Amino acid sequence: MEEGLGFAVKYPFSASAKAALSGTELNERIVDMAIERLKKALKGDKSVKMLLHDSDRKEEIASYAAARMILGHLRNNFLTNSFAVNESKKVHDHLDKEDVKTVDAVAAEFGIVSGSAGGKMDIDLPTYLKFSTRNPHYRLINRRLICGRVEITYDEKKRLVEEAVRKHIEIIPLVKDPPDIIKSAGKKLVEELPKTESRIIANVKEGDHPPCVMRLLEEMKKHQNLPHQARVFLSSYLIAAGMNDDEITGLFSMLPDFSEKVTRYQVGHIRRKEYNVASCATVMTYGLCCAVCKIGSPLNWHSLDDYRKKAIREGTA
Ligand code: SF4
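In this text the structure is predicted, and so the values were computed from the model without any measurement.

Asks: What is the right way to look at the site of the ligand in this model?
Replies: Around the ligand sit Pro 210, Cys 212, Cys 280, Val 283, Cys 289, Cys 290, Ala 291, Cys 293, Ile 295 and Pro 298, and those are all the residues in its vicinity. Looking at the shell around the ligand residue by residue, the class counts come to 10 nonpolar, no polar and no charged.

Asks: What's the story with the environment of Glu 219 in this structure? I'm lost.
Replies: Relative to the helices and strands, Glu 219 resides in helix H11 (residues 211–221). Separated by 70 residues in the primary sequence, Glu 219 and Arg 149 place their C-alpha atoms 31 Å from one another. Not counting residues within four places of it along the chain, the set of residues in contact with Glu 219 comprises Arg 134, Gln 224 and Leu 226.

Asks: Help me understand the packing of aromatic side chains in this model?
Replies: What the rule picks out here adds up to five aromatic pairs. Both rings, one in Phe 7 and one in Tyr 11, keep their centres 4.9 Å apart while their planes meet at 55°; by these two values the pair is tilted. Each member of the pair, Phe 7 together with Tyr 11, is buried. For the ring pair Phe 233 and Tyr 237, a centre distance of 6.4 Å and an interplane angle of 50° mean the geometry is tilted. Within this pair, Phe 233 and its partner Tyr 237 are both found in helix H12 (residues 228–240), separated by four residues, close to a single helical turn. Note on accessibility: Phe 233 and Tyr 237 belong to one class, buried. The ring of Tyr 138 is capped by Arg 143, whose NZ or CZ atom sits 5.2 Å from the centre of that ring.

Asks: It is not clear to me how the nonpolar core should be interpreted in this structure. Could you clarify?
Replies: Generally speaking, a soluble globular protein has its nonpolar side chains buried in company with each other. Counting residues in hydrophobic clusters, the biggest one holds 42 residues, and the most contacted among them are Phe 13, Ile 70, Phe 83, Ile 112 and Leu 160. Broken down by secondary-structure element, the contributors of at least two residues to this core are helix H3 (28–43), helix H4 (54–74), helix H5 (77–96), helix H6 (100–108), helix H7 (125–131), strand S4 (149–152), helix H8 (154–170) and helix H9 (180–192). When we break this core down by domain, the ones giving at least three residues each are domain 1 (4–95 + 172–192) and domain 2 (100–166). Once residues within four sequence positions are removed from consideration, Phe 83 is found in contact with Arg 37, Leu 38, Ala 41, Tyr 64, Ala 67, Arg 68, Leu 71 and Ile 169. Counting residues in each nonpolar core, the second largest holds 30 residues, with Val 213, Leu 217, Leu 234 and Tyr 307 among its members.

Asks: Looking at this structure, I do not really get the domain arrangement of the chain. What am I missing?
Replies: One widely used convention gives an interface's size as the accessible area the parts lose upon coming together. Structurally, the chain comprises domain 1 (4–95 + 172–192), domain 2 (100–166) and domain 3 (199–314). Relative placement of domain 2 and domain 3: their C-alpha centres are 31 Å apart. In this complex, domain 2 contributes four residues to the contact, which on the side of domain 3 involves 11 residues. For the pair domain 2 and domain 3, the two sides together bury roughly 540 Å², of which 42% comes from carbon and sulfur. For domain 2, the biggest contributors to the area lost against domain 3 are Arg 134, Pro 136 and Arg 139; these three give 84% of the whole. Where domain 2 meets domain 3, there are one salt bridge. Glu 219 is the salt-bridge partner of Arg 134, the closest N and O atoms lying 3.0 Å from each other. Counting every contact that joins domain 2 to domain 3 gives three residue pairs in polar contact (both at pLDDT 80 or more).

Asks: Help me understand the pattern of salt bridges, please; the structure alone is not making it clear to me.
Replies: The tally for this structure, following the rule as stated, stands at 26 salt bridges. With its nearest N and O atoms 3.0 Å apart, the salt bridge here joins Asp 122 to Arg 149. You can see Asp 122 sitting in strand S2 (residues 120–124) and its partner Arg 149 sitting in strand S4, a full 27 residues away along the chain. Exposure remark for Arg 149: the relative accessible area of 27% places this residue in the partly exposed category. The partner of Asp 155 in a salt bridge is Lys 158, and the shortest N-O contact between them spans 3.4 Å.

The rules we used
- Note that residues are indexed from 1 along each chain, following the sequence as it is written.
- Given that the model is predicted, a residue must reach a pLDDT of at least 70 before its local features are reported, and side-chain atom pairs must reach 80 or more before they are shown or counted; all residues, however, enter totals for whole chains, interfaces and linings.
- Hydrogen atoms and water are omitted, and side-chain values are computed over all heavy atoms in the structure.
- Only heavy atoms are used to decide nearness, and a residue is near a molecule or strand if one of them lies within 4 Å of it.
- Just so you know the grouping, Ala, Val, Leu, Ile, Met, Phe, Trp, Tyr, Cys and Pro go in nonpolar, Asp, Glu, Lys and Arg go in charged, and all remaining residues, Gly too, go in polar.
- Put simply, DSSP H or I for four residues or longer makes a helix, DSSP E for two residues or longer makes a strand, and each gets a number counted from the N terminus.
- By definition, residues are in contact when any of their heavy atoms lie within 4.5 Å.
- In this analysis, rings of Phe, Tyr and Trp, with Trp reduced to its six-membered ring, are considered paired at centre separations within 6.5 Å, and the interplanar angle assigns stacked below 30 degrees, edge-to-face beyond 60, and tilted for intermediate values.
- Burial here depends on accessible area, computed with a 1.4 Å probe over protein chains only, as a share of the maximum for the residue type. Under 20% is buried, over 50% is exposed, and the range in between is partly exposed.
- Only Lys NZ and Arg CZ are tested; either one counts as a charge over a ring when it is within 6 Å of the ring centre and within 35 degrees of the ring normal.
- Take the buried Ala, Val, Leu, Ile, Met, Phe, Trp, Tyr and Cys residues and link them wherever side-chain atoms come within 4.5 Å; each set so joined is a nonpolar core.
- Residue ranges assigned to each domain were obtained from an automatic or database domain assignment.
- Reported buried area values correspond to the accessible surface (1.4 Å probe) lost by two parts on association, with both partners' losses combined.
- Salt bridge, as used here, is a side-chain nitrogen of Lys or Arg placed within 4 Å of a carboxyl oxygen of Asp or Glu.
- Here a polar contact is recorded for every N or O atom pair within 3.5 Å, except that within protein the pair must consist of a potential hydrogen donor and a potential acceptor, and residues adjacent in sequence are included only if both atoms are side-chain atoms.

Pasting the structure below:
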């Protein structure tokens, strides 16, 4: 198992990273590296540097801490969530190349301790519920649960760690009165943030869409990440609701892991292949239903026709 600064660089939230930072002073170079780290998160760039010297490694760890300070000062959901998603994906990439001991050590940082029963890996239910993703594959109904322990695979364990990292990073303590270099770094970053205005969000009124769709739009407004099924469901629904690809892509630009190229391709694909909008029963299996509308399909929502006509009038169809 890799230890010391090498481990701390890859897992900058770990106790050993905190220990490595002891005595390190914040300086302009570290803050510039933090800005770079945050900008890379906005682009979904997971590349990592080759660091030869211990001093470089310490600065790299400090850039993570400085990035968190900037985020704690800015309180910008889009930036924070983009950072959390990118850093957690980087961790997952590292874990894929680690030995079992290292994966266990990183998992233990979040209290994820697996056991084994009958040759299968398992973890306790509360930890599983805390860190499992919203993908239907992780729903308890699709799991073997024995004596309060949930069966998982080794790959799923790494996915739980990724989710734990994302959740950990998303909780950024408020930094009320940071040093001036942090304040000016924050200002610089805000000026460079992409415009994430979406007309779909800006113009939506209560009752325009069924509760499941309104809830997803609300989550997007807060720049929260959405699972794959939610994206496909929302795209097919908005296409059926008369929205054009530009409007839908603009909406997805509010997600922290947005890629215009991928989104345009996927929305175009859903339109070309004429994906059916999921029925209420299917939306329920995705874990996205949040009301009892008794309409069989979100497409039977009472004001959908009015919304379509409005989209045609406003040229968003
Ligand atoms: S009942 Fe259907 S339309 Fe209503 S929230 Fe659930 S999935 Fe959406």
